[in-house]
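Here's the letter readout for the chains.
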Amino acid sequence: MTQHIQLLLPWPPSVNHYWGQMGNRRFIGKRGKEFRMAVAEECALKQVVALEGRLAVHVSLFPTDKRKRDVDNVLKSLLDACEHAGCYESDSQIDELHIVRQEVRAGGSCTILIHTLE
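Residues numbered from 1 in each chain as written. Predicted model: local features only at pLDDT ≥ 70, side-chain atom pairs only at ≥ 80, totals over all residues. Heavy atoms only, no water.

Let's shift gears to the overall build of the protein. When you go through the protein residue by residue, the secondary structure sums to three helices and six strands. The C-alpha radius of gyration computed for the protein amounts to 14 Å, which stays within 12% of the reference 13 Å derived for 118 residues, consistent with globular compactness. Dimensions of the protein along its principal axes, counting C-alpha atoms only, are 45 × 35 × 25 Å. Burial status across the protein gives 37% buried among its 118 residues. (Helix = DSSP H or I, 4+ residues; strand = E, 2+ residues; numbered from the N terminus. Rg over C-alpha atoms; globule rule 2.2 N^0.38 Å. Buried < 20%, exposed > 50% of the residue type's maximum accessible area, 1.4 Å probe, protein only.)

The structure is reproduced here in structure tokens:
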């Protein structure tokens, strides 16, 4: 039986804003921590239980405005935050990944559907 998690989340920070660096030390920056917390709160609200096995992920991105941006630039922060929030044990479980840019929405957002593969 296929299991799934569906979340409505804020716009994820780009890789450049997710991480911070001081000298040779890399760490999750302020925007990254805020996004992680938002994902964790949504997962707690939905009582998410970690999915096991091989996974497929479908992401719909609703940008904040019409600026040019690479859709893949927000994936790392989104997938890491979902892992940290307990959606799955490791993003290495993901075998399929689909991402679609949608229409602009005030404030931006994204939806993510994670489901097990049979």
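Let's shift gears to the packing of helix α2 (residues 30-45) against helix α3 (residues 75-84). Where α2 meets α3, the axes come as close as 9 Å, and the angle between the chain directions of the two elements is 50 degrees. One finds that α2 runs oblique with respect to α3. Crossing of α2 against α3: the hand is right-handed. On α3, the residues that touch F35, R36 and V39 of α2 are S77, L78, A81, C82 and H84. Split into classes, the residues belonging to the contact of α2 with α3 amount to five nonpolar, two polar and one charged. (Axes fitted to C-alpha atoms, helices over the stretch in contact; angles between N-to-C directions. Parallel < 35°, antiparallel > 145°, perpendicular 65-115°, else oblique. Left-handed = near helix turned anticlockwise from the far one by under 90°. Contact = heavy atoms within 4.5 Å. Nonpolar A, V, L, I, M, F, W, Y, C, P; charged D, E, K, R; others polar.)

Applying the stated rule across the entire model yields seven salt bridges. With a shortest N-O distance of 4.0 Å, D91 and K76 are connected by a salt bridge. One end of the pair, D91, is in the loop between α3 and β5 (94-101); the other, K76, is in helix α3, and 15 residues separate them in sequence. Accessibility expressed as a relative area gives 23% for D91, which makes it partly exposed. With its nearest N and O atoms 3.8 Å apart, the salt bridge here joins E103 to R105. (Salt bridge = Lys/Arg side-chain N within 4 Å of Asp/Glu carboxyl O.)

Okay, the environment of D80 next. Mapped onto the elements, D80 comes out in helix α3. Put simply, D80 and E103 are 23 residues apart on the chain and 24 Å apart in space, counted from C-alpha to C-alpha.

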